[in-house]
Amino acid sequence: MKLIADSGSTKTDWCVINDDQSIKRYSTQGINPFQQDEETIEKIIGIELICQLNSIEDITEVYFYGAGFRTEMQPLMKEILQKWFLNAKTIEVNTDLLGAAHALLGNQPGIACILGTGSNSCLYNGKDIVMNVPPLGYILGDEGSGAVLGRMFVNALFKGNLPSAILHDFTAETNLSVADIIRKVYREPLGNRFLASFSPFIHRHLDNPCLRNIVIDNFRAFFRNNISHYVSSEHFDALKLQKSDIEIHAIGSMAYHYTSEFIEAASLEGYRIGTIEKSPIDGLVRYHNS
């Protein structure tokens, strides 16, 4: 039996692939080593997950993908998993970006992206990530993300670059003033999530050309500042890929909910869009079950 996990800061999706190829799904709170200590992570595994599983003794392979699990953080998570899954001969802990590449591309080379609250991307050779343009976070980068979309929206809204009707609807719905927004972004934790929380409002008002253009401009910046570096790199040439043939694949709420705008932005920048998924877990099941 195989256990596969995709973890974000809020939620972790777990799937067990049984020997008869049937699949069972489970959920726990998110696991992120930058937000939780070892004891907290152990409790999530031991209390939330283990009690849901029928037989941990039969699990022989564990594949965990998570946000925040860079190379230096992976041994800790592997050690925690080994404490519970004693019969597992294979335990792998990887980044969410490699998980996106596995889910979207399988064993084929190409470009995989994560476009959610934050953004990330990579050039993938069919097995490993060979190039990653650093996303730099929502203050310095994260183009294409929900947080940056929120930042662009707030800027346009309060600097008078959007219709007054949009400002009226926004303040009536959220009851937020400029001072409230500045306080939450600059003085309170998780400013990126706060900015990304404006995305549903933006999506409901996409019939306004000004707002739709902001969404498209956000995606165009993502292509210009990230994807362009892959297609002009020696790594891209080494994989014998051609820009005219390459498709950009993406996982995450931004690409999923703004598919039309994402495709239009790609076309304007000279790219084609391939697979778009809201979550990587189904693709990871396919990858590890192939």
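Refer to the structure above for everything that follows.
Not measured: the values here are computed from a predicted model. (Residues numbered from 1 in each chain as written. Predicted model: local features only at pLDDT ≥ 70, side-chain atom pairs only at ≥ 80, totals over all residues. Heavy atoms only, no water.)

1. As for the overall build of the protein
The helix and strand tally for the protein stands at 14 helices and ten strands. Relative to the globule expectation of 19 Å for 290 residues, the C-alpha radius of gyration of the protein, 20 Å, shows essentially globular dimensions. Overall size of the protein, expressed as C-alpha extent along the three principal axes, is 60 × 45 × 35 Å. Counting the 290 residues in the protein, one finds 50% classified as buried. By sequence separation, contacts in the protein at least 24 residues apart represent 65% of the contacts at least 6 residues apart. Carbon and sulfur atoms provide 50% of the accessible area of the protein, an area that totals close to 13900 Å². The distance from the centre of the 25 positive side-chain charges to the centre of the 34 negative ones in the protein is 3 Å. (Helix = DSSP H or I, 4+ residues; strand = E, 2+ residues; numbered from the N terminus. Rg over C-alpha atoms; globule rule 2.2 N^0.38 Å. Buried < 20%, exposed > 50% of the residue type's maximum accessible area, 1.4 Å probe, protein only. Contact = heavy atoms within 4.5 Å. Areas by Shrake-Rupley, 256 points an atom, 1.4 Å probe, with all protein chains shown as cover. Lys, Arg positive; Asp, Glu negative; His and termini not counted. Charge placed at Lys NZ, Arg CZ, Asp CG, Glu CD.)

2. A word on the packing of helix α3 (residues 96-105) against helix α14 (residues 281-289)
Packed helices, taken two at a time, are described by the angle their axes make and the gap between the axes. Between α3 and α14, the least distance of the axes is 7 Å, while the angle of their chain directions is 70 degrees. Taken together, the axis directions place α3 and α14 in an arrangement best described as roughly perpendicular. Where α3 approaches α14, its residues Gly99, His102 and Ala103 are matched on the opposing element by Gly283, Leu284, Arg286 and Tyr287. Grouping the amino acids of the contact of α3 with α14 by side-chain chemistry returns three nonpolar, three polar and one charged. (Axes fitted to C-alpha atoms, helices over the stretch in contact; angles between N-to-C directions. Parallel < 35°, antiparallel > 145°, perpendicular 65-115°, else oblique. Nonpolar A, V, L, I, M, F, W, Y, C, P; charged D, E, K, R; others polar.)

3. Considering the pattern of salt bridges
Applying the stated criterion across every chain yields a total of 15 salt bridges. When the shortest N-O distance is used, the salt bridge between glutamate 261 and arginine 212 registers 3.0 Å. With glutamate 261 in helix α13 (residues 259-268) and arginine 212 in helix α10 (residues 209-231), this residue pair connects regions lying 49 residues apart in the sequence. Accessibility expressed as a relative area gives 6% for glutamate 261, which makes it buried. (Salt bridge = Lys/Arg side-chain N within 4 Å of Asp/Glu carboxyl O.)

4. As for the pairing of strand β6 (residues 110-115)
Within β6, six of the six residues are buried, leaving the element largely enclosed by the surrounding structure. The two faces of β6 match: Gly110, Ala112 and Ile114 on one face and Ile111, Cys113 and Leu115 on the other face are all buried. Note: β6 against strand β7 (residues 119-124), six bridges, orientation antiparallel. Paired with glycine 110 across the bridge in β7 is tyrosine 124. Joining the antiparallel neighbours β6 and β7 is a turn of three residues. (Pairing = 2+ DSSP bridges.)

5. Here's the deal with the sheet that holds β7
The strand order across the open sheet built from five strands is β8-β7-β6-β9-β10, with neighbouring strands paired in mixed fashion. Two strands close off the open sheet at either side, each with one partner strand: β8 (129-131) and β10 (272-277). Along the sheet, successive strands turn relative to each other by an average axial angle of 35 degrees, direction set aside. α3 rests against β6, β7, β8, β9 (247-251) and β10 of the sheet, and its axis sits at about 120 degrees to β6.

6. Here's the deal with the side chain of asparagine 208
Note that asparagine 208 resides in the loop between α9 (199-204) and α10. Overall, the relative accessible area of 15% leaves asparagine 208 in the buried class. A polar atom in the side chain of asparagine 208 sits 2.9 Å from the backbone nitrogen of cysteine 210. Contacts of asparagine 208, omitting those with residues within four sequence positions, involve Pro163 and Ile166. (Polar contact = N/O pair within 3.5 Å; in protein donor to acceptor, adjacent residues only side chain to side chain.)

7. With respect to helix α1 (residues 38-49)
Its twelve residues give α1 an end-to-end C-alpha distance of 16 Å, which sits within 8% of 16 Å, the value for a rise of 1.5 Å per residue. Within α1 the residues assigned to the buried category are Ile41, Ile44, Ile45, Gly46 and Leu49. Where α1 is buried, its residues contact β1 (2-7), β2 (11-17), β3 (23-29) and α2 (74-84). (Expected span 1.5 Å × (residues − 1).)

8. Focus: the sheet that holds strand β5 (residues 90-95)
Pairing within the open sheet is mixed, and its five strands lie in the order β3-β2-β1-β4-β5. Looking at strand neighbours, the two that pair on one side only are β3 and β5, the edges of this open sheet. For this sheet the average axis-to-axis angle between neighbouring strands, irrespective of direction, equals 15 degrees. Relative to β5, strand β4 (residues 61-66) runs parallel, the two sharing six bridges. In the sheet register, glutamate 61 faces β5, and the bridge partner there is threonine 90.

9. Details of the packing of aromatic side chains
Two descriptors summarise a pair of aromatic rings, namely the distance from one centre to the other and the angle between the planes of the rings. Using the criterion set out here, one finds 13 aromatic pairs in the structure. When the centroid spacing of 5.3 Å and the interplanar angle of 80 degrees are considered together, the rings of phenylalanine 170 and phenylalanine 198 count as edge-to-face. Taken as a pair, phenylalanine 170 in helix α6 (residues 164-174) and phenylalanine 198 in the loop between α8 (191-196) and α9 lie far apart in primary sequence, 28 residues in all. The exposure class assigned to phenylalanine 198 is buried, which follows from its relative accessible area of 4%. For the pair phenylalanine 194 and phenylalanine 198, a centre-to-centre distance of 5.0 Å together with 70 degrees between the ring planes defines the contact as edge-to-face. You can call phenylalanine 194 buried: its relative accessible area is 14%. Ring pairs connect the aromatic residues Phe153, Phe158, Phe170, Phe194, Phe198 and Phe201, which therefore count as one cluster. The lysine or arginine in question, lysine 243, covers the ring of tyrosine 271, its NZ or CZ lying 4.6 Å from the ring centre. (Phe/Tyr/Trp six-rings, centres within 6.5 Å; stacked < 30°, edge-to-face > 60°. Lys NZ or Arg CZ within 6 Å of the ring centre and 35° of its normal.)

Any functional reading would require information beyond the geometric quantities listed.
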